[in-house]
Amino acid sequence: MKTKPNLLIVWHAALFPSYRKPFWLLQQDYGWNVHLLTSKSWRQALPEYTRFQKAPEEPISLHIHRAWFKFHGAFHVLPAFPWIFHRIQPDAVFAIEEPFSFMGWLCAYWTQRRIPRIPLILYSYQDIYKRYPPPFQWMENYVFRHADRIMVSSALGGMVLQQKAYRGLWDVLPTAVNLERFTYRRPHFQNPLFTLGYVGRLTEEKGIEDLLWSLVDLDDAVRLRLVGDGPARHRLEVRARELGVRERIAFINPVSHEDLPALYHDFDALVLPSRTTPCWREQFGRVLVEAMACGVPVIGSDSGAIPEVIGDAGLIFPEGNSAALEDKILLLLRDQKLRADLSLRGRVRVEHQYSAECVARRLHQHLSEVCAHARPA
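The rules behind the values
Residues numbered from 1 in each chain as written. Predicted model: local features only at pLDDT ≥ 70, side-chain atom pairs only at ≥ 80, totals over all residues. Heavy atoms only, no water. Helix = DSSP H or I, 4+ residues; strand = E, 2+ residues; numbered from the N terminus. Rg over C-alpha atoms; globule rule 2.2 N^0.38 Å. Contact = heavy atoms within 4.5 Å. Areas by Shrake-Rupley, 256 points an atom, 1.4 Å probe, with all protein chains shown as cover. Buried < 20%, exposed > 50% of the residue type's maximum accessible area, 1.4 Å probe, protein only. 1 Å grid on protein atoms, 1.4 Å probe; cavity = no way out; pocket = protein on both sides within 12 Å on 5 of 7 lines; lining within 4 Å. Points joined across faces, edges and corners; volume = space filled by probe spheres on them. Nonpolar A, V, L, I, M, F, W, Y, C, P; charged D, E, K, R; others polar. Pairing = 2+ DSSP bridges. Axes fitted to C-alpha atoms, helices over the stretch in contact; angles between N-to-C directions. Phe/Tyr/Trp six-rings, centres within 6.5 Å; stacked < 30°, edge-to-face > 60°. Core = buried A, V, L, I, M, F, W, Y, C linked by side-chain atoms within 4.5 Å. Salt bridge = Lys/Arg side-chain N within 4 Å of Asp/Glu carboxyl O. Right-handed = clockwise from strand over helix to strand, strands pointing away.

Undergrad: Which residues make up the overall build of the protein, and what values do they have?
TA: Summing up its helical and strand segments, the protein has 13 helices and 15 strands in all. Against the globule reference of 21 Å for 377 residues, the protein gives a C-alpha radius of gyration of 21 Å, in line with a compact fold. Taking the principal axes of its C-alpha atoms as reference, the protein extends roughly 65 × 40 × 35 Å. In the protein, once contacts between residues fewer than 6 apart in sequence are set aside, the share between residues at least 24 apart is 76%. Working note: accessible area of the protein is about 16,300 Å², and carbon and sulfur atoms make up 52% of it.

Shown next, in the form of structure tokens:
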């Protein structure tokens, strides 16, 4: 006799143990029998694939399968889903898949065709209003009709849902940080060098060239570590040489997500200088909350969700304005009290809003509500 409700979580990019910590807590603290269907590997918008990384003692049931059409989040599919769905007989499904994606539609179709129907919550990062060609618009409309709730990464995502006439309930569910791994460390002021860090894709929309320009008039003691890879790497190296700052910049290949805390602890500040484009703006900025959890002051542009994520625990500058970014860096460089204050504020903000415990609690509340008030087929 089943004593715990079965929860099927579908997320193609649940590659790292820290990403999965809220799911562990759903099982350990809230009584769900959690099954996770995910991909064996995903490109994570980088040139090389990242393979699934299993924790030593994974408390939930893992179903790791090959994904098809991994070149785009809207096209990919986990073909094992119908078989896993039939075998598990879930009481609820939580899919971190876009409503316009094939995988999002597949989850909605299978939960809808069951009698009684299975409650479904989807998750969307989309924060720019876009109209999609068929069949993606059809799939999105189908999901809007049949999803019990849609979670979004920021309030901007909720506004997009309203623009698209989604009539169901939505709420913000932020990205979670595993505070057991991303541990707090006080700022250190003895080092004569001031190390700025950037972690992520090296692409035009990330605004890294603005960061290079901001170094030009700063003291030689200010150094920059660019951690990541992407199509703009060579161009950024050329630009750094043209600006005369190449010797102050270290280009570092991507590191394992589980090794990021040690990297953050070596930064005096983390910068996310994203620039909005017609097709993209910063959807959340996971590196911001990870750095804040580690006690690293953060500076972000005002692109997309960045101001919402940082709140009053960091510094914001107008996107594309390298002079304003330079001013924020100088402010941190010269004011040790401000650095210490932002370090503590960032950690407290993460503990109260972005910890795995907070995210698991909020997700449990939403799942409990949709299970109690599931709409009939």
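Next comes the rest of the write-up.
Undergrad: For the environment of T277, give the residues involved together with the corresponding values.
TA: Of note, T277 is situated in the loop between β13 (269-272) and α9 (286-293). The class of T277 is partly exposed, set by a relative accessible area of 27%. Here the alpha-carbon distance between T277 and K164, two residues 113 residues apart in the chain, equals 20 Å. Each residue touching T277, except ones within four places of it in the same chain, is listed here: I128 and E205.

Undergrad: Explain empty space enclosed by the protein to me, using residue names and the numbers behind them.
TA: Once rolled over the atoms, a probe with the size of a water molecule shows which space is left empty. Counting across every chain of the model gives three cavities of 30 Å³ or more. The computed volume of the largest cavity comes to approximately 190 Å³. Along its surface, the largest cavity is lined by 15 residues, and W11, I96, P174, T175 and A176 are the ones closest to its centre. At the level of secondary structure, the elements contributing two or more residues to the lining of the largest cavity comprise α1 (17-30) and α13 (356-372). No other element matches α1, which puts three residues into the lining of the largest cavity. Residue composition of the lining of the largest cavity, grouped by class: 13 nonpolar, one polar and one charged. In this model, the second largest cavity occupies a volume close to 90 Å³. Forming the boundary of the second largest cavity are 13 residues, of which R186, P187, H188, F267 and G295 lie nearest the centre.

Undergrad: Report on the sheet that holds strand β14 (residues 298-301), specifying residues and quantitative values.
TA: As summarised here, the arrangement of the six strands in space is β12-β11-β10-β13-β14-β15, forming an open sheet in which the pairing is parallel. The sheet is open, and its two edges are formed by β12 (249-252) and β15 (315-317), each paired on a single side. Recorded for the sheet is a direction-independent mean angle of 20° between the axes of neighbouring strands. Bridging between β14 and β15 involves three bridges; their strand directions are parallel. Note on β15: the bridge partner recorded for G300 is I316. On top of the sheet, helix α6 (residues 208-215) reaches β10 (194-199), β11 (222-227), β12 and β13; it is set at about 165° to β11, its chief contact.

Undergrad: I'd like to hear about the packing of aromatic side chains, residue by residue, with values.
TA: The tally for this structure, following the rule as stated, stands at 17 aromatic pairs. Their ring planes at 80° and their centres at 6.5 Å tell us that W68 and F69 sit as a pair that is edge-to-face. Ring centres 5.9 Å apart and planes at 85° place the aromatic pair F284 and Y354 in the edge-to-face group. Here the residue F284 occupies a position in the loop between β13 and α9, and Y354 occupies one in helix α12 (residues 336-354), the gap between them amounting to 70 residues. Looking at F284, the relative accessible area reads 4%, which means it is buried. Connected via pairs of aromatic rings, a cluster forms that spans F81, F85, F102, W105, Y109, W110 and Y142.

Undergrad: Kindly report on the nonpolar core, identifying the contributing residues and their values.
TA: Counting residues in each nonpolar core, the largest one holds 63 residues, and the members touching the most others are L7, L8, F23, F81, F94 and L367. Ranked by residue count, the leading element in this core is α13, at six residues. For L7, the contacting residues outside a window of four places in its chain are L26, W32, N33, V34, H35, A92, V93, F94 and L367. Judged by nonpolar contacts, the second largest core, of 59 residues, contains I208, A293, V296 and V309.

Undergrad: Give a description of the pattern of salt bridges that names residues and reports values.
TA: Under the definition given, this model contains 23 salt bridges. For R117, the salt bridge identified is with D148, shortest N-O distance 3.2 Å. Of this pair, R117 sits in the loop between α3 (102-113) and β7 (120-124) while D148 sits in the loop between α4 (136-146) and β8 (149-152), and the two are 31 residues apart along the sequence. Residue class for R117 comes out buried when judged on its relative accessible area of 8%. Given the relative accessible area of 8%, D148 is considered buried. The partner of R233 in a salt bridge is E237, and the shortest N-O contact between them spans 3.4 Å.

Undergrad: Lay out the pairing of strand β2 (residues 33-39) in plain terms, naming residues and giving numbers.
TA: With six of seven residues buried, β2 lies mostly within the body of the structure. The sheet contact formed by strand β1 (residues 6-10) and β2 spans five bridges and is parallel. Of the residues in β2, the one forming a bridge with V10 is L37. Chirality of the crossover, the property in question, places the unit of β1, α1 and β2 among those that are right-handed.

Such coordinate-based values are descriptive only and should not be taken to indicate function.
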